[in-house]
Each structure stands twice: as C-alpha cells, then as structure tokens.
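# Architecture at a glance
Letter by letter, the chains look like this.
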Amino acid sequence: MKGINDLKLAFLSFIICTGAILAQGNNNAKFRVVLDAGHGGKDYGANYHGYIEKNIALNTVLKIGKLLEKEDVQVIYTRKTDVFVELDERAKVANRADANLFVSIHCNAETKKTAFGAETFFIGTSKNASNLEVAKKENAVINLEANSKEKYGGYDPNNPESFIGISLGQEQNIKQAIDLARKVQDNFKDDNKRKDRGVKPAPFLVLHKTAMPSILVELGFLSYKEEGEWLNSDGGQNDLAESIAKAIVAYKKEFFTAGTEEYKPAPENAPDKDDKPVANTPAKTNTATTAAAAQKGVIYKVQISASGKSLDLTPSNFKGLDQLSKDDSTSTIKYFYGNTSDLEKARELLEVAKAKGFPSAFIVPFRDGKKITMQEALKKK
C-alpha cells in the first residue's frame, strides 16, 4: 500500500493544476475533430494471430476521416502514417488545434482469448480490474518515451490506480464525452450487431491531457480470432468507421454552433528516418530558463508540478509560493519554484515546497539556461 500511496502523491501535483478549458472549440467556424490512431511505428500495440493493432487503428481512422470530411467536418490527425507518436504529443495536437472533439482508436486483447465486443472509454477513475487493465496496456507506451517520469509526473503505468483525480473543470467535458461514447456504442450494437461492452471510465493518460470532450474506442479483441479477422478486414473497418463517423455527426448536430475562428494547419512534412512524429505547428518558446540563461554557472530550481494547462505564475495558483517560473516547451508544462546557485539553499526551498503541499517536488539544475543532471551540476570545474 505504501508504494501505491507514494505514487498517488507523486501524481497529485501533475493532476492538481491541469484544469481543462471548457470553452475549447466554442468559436470554431467548422466543427473540428482530432482523430488519433493508437500506437504506431515501434509501438505495435496488441498483436494476435497476425492482426496488428497499430495498422487496424490507422486504417480505421483514415476511413473515419474521409466520411467526416464529406459532412463538412474539419479533421486533424495525430498520425496518418506508421510513425511513433508520444502520448503527450497526441494531446498537444488536439489542444493546439482547439478541437471540438478528440477520438482515439484502439483494439483490445486479453490472454484467455475468449472476450469479444466493443467498448468506449472516457476519462475517469475506476476500481474495476478489467478497466484498469485496459488503461494499463494503453498507458504503457510511455515506457517507450524519453523522460517519461518527468513528463508524466511520476505516473506508473503498472499502477493505474495512481491516477487519483480528474482535472478541475473537466466535468462538462466528461458529460459530453459520455454522450458521444454512448452514441458510438449504440451504433456498434444496432448497425454492426456488435456485443456492447459498455461505456466506461478509466485513467487513460492521452484523454487526461486533452482540453475537450474525448473518448477512447476499443474496436474489439484481436485475441479472439474470429473478431480479430473481422477487425483486420476492409469490410469490418468500413463498418466500424461508419458507426463512429455517424456518432460524431450526430454529436455535432446536437452540440455545435458555428463561430468565426478558422483553422489553418501548417503544411505537413514527411516523417524522418528516425520515425518521429510530424510537427504540425511551431515549437513553443521555453520560458522556464529565460532568467537562468542570463546567468553563468549552475542554477537550481525546484520543480513543483507538471500540467497540461498554462497557469499564471501567481502565488494563489501555487499554494502561496512565489519566485515561480515555467517551461512550456512541450505540452506538459513544468512549473518551478525558486532560483538559486546555492545547492543548500535549493534544498531549503525543496522543504518549503513540500511543506506547502507539493510532496513530489524535486530539485532541477540548469547550466546556461539548459537543464542538466545533478551529477553534471556537482562536477568540479
């Protein structure tokens, strides 16, 4: 229990400042949907009987996109080819696009090879073992990412229960996500005669970091050979795509009123040889180390939290702490307290941060504005 409690405390600072933006996409001229094909590149996802999740997810997403574009829906993809895209990058695409919806497509699997049917998830905590197992498998992709401990606030995909809360302000997003999820499941059941495994909450990191109603669809079980064969077929993917697109269009008619904001994505570039995700928008300027860059030598700061939302650097947002700075160069914004060249002073600041309610805070050294390891910081010149 102690290990789980430590994980919960570590992840709390990641969650506590990550309030969603309820007005996301409210002024869009066109209804805007981000379609996320799960896995990709070096991350194959589930792989049973020769049926590979990353390929089925991508093929289905591309079919959904074509159907939606015929309905005057603006579609943005997290990937359109077989590339590896990190979880925070997927959410980053949706948030930068100011999307109305985020829909992530996956396939399920289980070792007994007897389960079948479709299920759709929304962000939330759950005590249900099967829900947690699905989240555990999908969140495990962070093990393939660099610096995942820092990016995800110490979250451990092997312990999904360490996800202990929902972002402040996400309630309306969740209600609308549930509505969309129910529409998807009803279409699967009525149009495709699929087994309805229900609409369920689970702690998916990719959904947690999006600032609009978001769902994750598990199309079916690749481990169940008969269902896997259907999921892998062109006909099966067409049927699934039609059901999902139909649900999105129905949601659009119910919730969307056209505004004035146009979206003009940057031209797409082909992925490079290292199979990195395509960048759709210019990188943000790193503001965390602006002050430190002007100074020589090593500067220590205390990282107090990481969040998907940019917060004003005011003490009221950080339990009374001042001397605040942030690094917004990625979609997970890192917040720091203090700025000192004295390691002992940094340790004192760390204790202050912990006493203020940031138990997972830790010291981060910088040299000439760039983050370095503690070992590098302590090396003698």
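Residues numbered from 1 in each chain as written. Predicted model: local features only at pLDDT ≥ 70, side-chain atom pairs only at ≥ 80, totals over all residues. Heavy atoms only, no water.

In the nomenclature of an unreviewed UniProt entry, the protein chain corresponds to N-acetylmuramoyl-L-alanine amidase from the organism Flavobacterium akiainvivens. Taken from UniProt, the Catalytic activity (unreviewed entry) comment for the protein chain reads in full: "Hydrolyzes the link between N-acetylmuramoyl residues and L-amino acid residues in certain cell-wall glycopeptides." (UniProt positions renumbered as here; feature names shortened; annotations may be inferred.)

## Side note on the overall build of the protein chain
If you tally the helices and strands in the protein chain, you get 12 helices and 13 strands. Counting every position in the protein chain, which comprises 381 residues, the buried fraction comes to 54%. When the accessible surface of the protein chain is totalled, it reaches about 17,100 Å², and 51% of it is carbon and sulfur. (Helix = DSSP H or I, 4+ residues; strand = E, 2+ residues; numbered from the N terminus. Buried < 20%, exposed > 50% of the residue type's maximum accessible area, 1.4 Å probe, protein only. Areas by Shrake-Rupley, 256 points an atom, 1.4 Å probe, with all protein chains shown as cover.)

## A word on the nonpolar core
Judged by nonpolar contacts, the single largest core of 60 residues is most densely connected at Leu35, Leu68, Val103, Leu219, Ile244 and Ile248. Considering every element that reaches this core, the biggest residue donor is helix H9 (residues 234–255), with 8 residues. Those residues within four positions of isoleucine 244 in sequence are excluded, and the remaining contacts are Ile64, Val103, Ile105, Val184, Phe188, Val217 and Leu219. With 21 residues, the next largest nonpolar core counts Val302, Leu324, Ile363 and Ile372 among its residues. (Core = buried A, V, L, I, M, F, W, Y, C linked by side-chain atoms within 4.5 Å. Contact = heavy atoms within 4.5 Å.)

## A word on the sheet that holds strand E9 (residues 298–307)
Sheets are built from strands that pair by backbone hydrogen bonding, the pairs being arranged parallel or antiparallel. In spatial order, the strands read E10-E11-E9-E12-E13; together these 5 strands make up an open sheet with antiparallel pairing. Of all the strands in the sheet, the pair left with one neighbour each is strand E10 (324–327) and strand E13 (370–371). Alignment of E10 against strand E11 (residues 333–340), held across 4 bridges, turns out to be antiparallel. For serine 325, the partnering residue across the bridge sits in E11 and is phenylalanine 336. Relative to E11, helix H11 (residues 343–355) is tilted by about 130 degrees, and along the sheet it contacts E9, E11 and strand E12 (362–367). (Pairing = 2+ DSSP bridges. Axes fitted to C-alpha atoms, helices over the stretch in contact; angles between N-to-C directions.)

## Some thoughts on the confidence of the model for the protein chain
Confidence along the protein chain averages 79 in pLDDT terms, with 72% of residues attaining 70 or more. Segment residues 164–169 is flagged for pLDDT under 50; beyond a separation of four residues in sequence, or across chains, it makes 20 contacts in the model. Scored below 50 in pLDDT, residues 267–295 makes 50 contacts in the model with residues more than four places away or belonging to other chains. (pLDDT = per-residue confidence, 0-100.)

## Topic: the sheet that holds strand E6 (residues 118–123)
Strand order across the open sheet formed by 6 strands is E4-E1-E5-E8-E6-E7, with mixed pairing between neighbours. The open sheet has two edge strands, strand E4 (74–77) and strand E7 (196–202), and neither has a second partner. In this sheet, adjacent strand axes meet at a mean angle of 25 degrees when their direction is disregarded. The pairing of strand E5 (residues 101–108) with strand E8 (residues 214–221) spans 6 bridges and is parallel. Along E8, the bridge assignment pairs serine 104 with leucine 216. Contacts between helix H3 (residues 87–96) and the sheet are confined to strand E1 (32–37), E4 and E5, with E1 contributing the most and set at about 170 degrees to the helix.

## Focus: the pattern of salt bridges
As enumerated under the stated definition, the model contains 15 salt bridges in all. The residue aspartate 191 makes a salt bridge to lysine 246 at a minimum N-O spacing of 3.1 Å. Placement of aspartate 191 in helix H6 (residues 171–192) and of lysine 246 in helix H9 is noted, with a sequence separation of 55 residues between them. Exposure remark for aspartate 191: the relative accessible area of 39% places this residue in the partly exposed category. On the basis of relative accessibility, which here comes to 45%, the residue lysine 246 falls in the partly exposed class. Of the charged contacts, one joins arginine 347 and glutamate 344 as a salt bridge, the two residues approaching to 2.5 Å between their closest N and O atoms. Here glutamate 344 and arginine 347 lie together in helix H11, a separation of 3 residues that amounts to about one turn. Residue classification places glutamate 344 among the partly exposed residues on the basis of a relative accessible area of 46%. (Salt bridge = Lys/Arg side-chain N within 4 Å of Asp/Glu carboxyl O.)

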